[in-house]
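Next come the chains, spelled out residue by residue.
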Amino acid sequence: MGRMLIVLTKIATSRLPSSLTPIPPDLPSSPIYDSLTTNLPHPVMAFYSHPFPRATPLFPGHPVVLKYLQAFAERFALLSHIRFGHKVVGAEWDPRVQKWRTRFCTRKRNTPEMADASEHERAANASEEMYDAILVCSGHYHYPKTPDWPGVNEWTLHGRTLMHACYYRRPQPFRNKVVLIVGAGPSGRDLSNEIASVARQVYHSVPWAWHPARSATPIVHTTSSGIALKPPIRRFHSNAIEFEDGTQLTDVDIVIAATGYFYRYPFLPSNILYDPSQSPTAPSSASLFCDGSHVEPLYQHMFPITPTSPAAPNLIFFGLPSKVVPFPLFEIQALVATNLLLGKKQLPPFDAFQDIPHSHNLPNEKQFAYCNSLAEWGGVRDWQVKDWVVEMYAKKDILRKTWQEVERRGEQHLQEWIGGVEGENEWVNVMRRLIALGEEQASQG
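Residues numbered from 1 in each chain as written. Predicted model: local features only at pLDDT ≥ 70, side-chain atom pairs only at ≥ 80, totals over all residues. Heavy atoms only, no water.

Description of the nonpolar core
(1) Moving on: Core analysis: the biggest nonpolar cluster contains 56 residues, and Phe303 and Trp403 have the highest contact counts within it.
(2) Moving on: Of all elements in the fold, only α1 (42–45), α2 (62–75), α6 (326–341), α7 (365–377), α8 (387–394), α9 (396–408), α10 (411–418) and α11 (424–443) reach the threshold of two or more residues within this core.
(3) Moving on: The element that contributes the greatest number of residues to this core is α6, accounting for 7 residues.
(4) Moving on: The two domains that each donate at least three residues to this core are domain 1 (4–31 + 83–141 + 262–378) and domain 3 (387–444).
(5) Moving on: Membership of the second largest hydrophobic core comes to 21 residues, among which are Val7, Tyr265, Leu273 and Phe317. (Core = buried A, V, L, I, M, F, W, Y, C linked by side-chain atoms within 4.5 Å. Buried < 20%, exposed > 50% of the residue type's maximum accessible area, 1.4 Å probe, protein only. Helix = DSSP H or I, 4+ residues; strand = E, 2+ residues; numbered from the N terminus. Domains from an automatic or database assignment.)

Take a look at the structure:
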C-alpha cells in the first residue's frame, strides 16, 4: 500500500469546540451547540469494533462522544498519523509521477477559529507533499445551506436577523425574542425546544405543518412548550413573513435556518471535481460533478467512475450518505476501501457500472441494505447489520423522548436503568424496556 493522504476535517482538532463563535460570513470549525446529545442510542451508533464504555448515558452528550473517539484513536494507535491544525488547500493529480501533489497550511492553536484560509495564508504558509492516494473523509456539515427566499434581504434591513443553525450555541441570546426556526431535522427540533425556554415566542416551520400524517416522524410540540408550528416560508416582505398557507407573521425578530449543509470540496481542482458554485466556468473535462447536494458519478457512494479509473482507486470518498447511522457505515466503508487498496478486490470494468446513485440520501432501511451489500461486494467477511440495530433505529425517536424523561428524574432514577449494564444483550434489553414504557405512556395520552 502506497503513501495515502486522509483528509479528515477542515481543521482537525482534538479539543472541544471553541466557546468563541465566529461572526458571519466566517464559519465555525464545528456546528456543535452546548447541549447537543446524540440522536441515536450509543449501542446503535458505536463502531462494531469499539463499543462505548459501560454506564455511558444512552444518548450521550458531545463531550462523551469526543472522549469515545479519542479512546478509539488511542486504542488503534491513530494519533501519531494525524496532523492537527493542518488544512489541505489544494490537491492535483500529477500524471508524470502518478501521484497527488498536495498543498497544505498550518494554523496555530491561538489563532481565530476561522474555517477558510485567506489568500495571504495560502501563499505564505502552504507546504507541498506527494501522495499515492487521497481518502476524502472531510464530512458534509460545514458549509451552511440557507434558502434564498424572495425578499429576505429587505426583511433583514429593518433590524431583524437571519442566521444559520451552525452559529447557535446556547439559548440565552434569544431571551424575550420572537424566533422562527426553519427545518424539521434533529437540530431544528432541539433548537425549537431549547430556545422556547427563554424566548417570548417560538415558531417552527416544517414541511408537513399542514399535513402531519405525511411525516414519517411527525413533530408534535406539547401545548406547554408554547411552540407554534408553521408551514414552509413562501416569501419575505419588508415587515412580514408569508407562509405557503397564506398566513403571515409580523412579530418575528430572528429566523434560524436549520436547513442543512452543502457538500463542498474546495481542495480538489475543477478538472477533478467540478462544482459550479466554486468555478463559474466549466472545465473542458472533469471526472466528477458536485452540485452541493451530491457527488457523481460514484460507485457505492465512494469510488469515482470514469473510463480511465484504475482498478485500485487513488481517490475515495467516505461518509457521503446522509440520514444514516454514521460510525458503523464509516467502518464498513473503510474495510472495503482497505481491501481495494491492498489489491484484494478490484472495481468492476467501466462498461459494467449500472444504477449509479444520484442521491446520497439513504433513510431508514436503505442504509442497512447498503451496508450489507457493500460488505458482501467488498469481501468483508462476517459483517452484517444486526436485526436489533434495525429494530432500535426504527424506534429512535420514542427512545430518545423516554430517555430524556428518565434523565429529568435525576441521577438515582437514571442509575436504576443503566447501573451495571454491560454488553450488547443487556443494552438491547434496556432499550426494549424504554420503548415499552414510552409506548405505554403515549397510549395513555
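Quick notes on the packing of α8 against α11
For any two helices packed against each other, one specifies the inter-axial angle together with the distance between the axes.
(1) Moving on: Two elements in contact, α8 and α11, have axes whose closest approach is 11 Å; the angle formed by their N-to-C orientations is 30 degrees. Judged by the angle between their axes, α8 and α11 are roughly parallel. Here α8 and α11 pass one another in a crossing that is left-handed. Between α8 and α11, the residues in contact are Trp388, Glu391 and Met392 and Glu424, Val428, Met431, Arg432 and Ile435, respectively.
(2) Moving on: By residue class, the composition of the contact of α8 with α11 is 5 nonpolar, no polar and 3 charged. (Axes fitted to C-alpha atoms, helices over the stretch in contact; angles between N-to-C directions. Parallel < 35°, antiparallel > 145°, perpendicular 65-115°, else oblique. Left-handed = near helix turned anticlockwise from the far one by under 90°. Contact = heavy atoms within 4.5 Å. Nonpolar A, V, L, I, M, F, W, Y, C, P; charged D, E, K, R; others polar.)

A word on the packing of aromatic side chains
(1) Moving on: All chains considered together, the criterion is met by 20 aromatic pairs.
(2) Moving on: Ring geometry for Tyr33 versus Tyr168: centroids 5.8 Å apart, planes at 65 degrees, classification edge-to-face. Of this pair, Tyr33 sits in the loop between β1 (4–7) and α1 while Tyr168 sits in the loop between β7 (161–164) and β8 (178–182), and the two are 135 residues apart along the sequence. The burial state of Tyr33 is the same as that of Tyr168; both residues are buried.
(3) Moving on: Each ring, one from Tyr265 and one from Phe267, has its centre 6.4 Å from the other, and the planes form 90 degrees; the classification is edge-to-face.
(4) Moving on: For Phe267, a relative accessible area of 8% gives the class buried.
(5) Moving on: Of the aromatic side chains, those joined through ring pairs into one cluster are Phe47, Phe52, Tyr68, Phe72, Phe76, Phe327 and Phe330.
(6) Moving on: Directly above the ring of Phe262 sits Arg264, whose terminal nitrogen or CZ lies 4.5 Å from the centroid.
(7) Moving on: Just above the ring of Tyr48 sits the side chain of Lys386; from NZ or CZ to the centre is 5.6 Å. (Phe/Tyr/Trp six-rings, centres within 6.5 Å; stacked < 30°, edge-to-face > 60°. Lys NZ or Arg CZ within 6 Å of the ring centre and 35° of its normal.)

Details of the sheet that holds strand β2 (residues 86–94)
(1) Moving on: Read from one edge of the open sheet, 3 strands run β2-β3-β4, paired in antiparallel fashion. Of all the strands in the sheet, the pair left with one neighbour each is β2 and β4 (127–131). The mean angle between the axes of side-by-side strands here comes to 25 degrees, regardless of whether they run parallel or antiparallel. (Pairing = 2+ DSSP bridges.)

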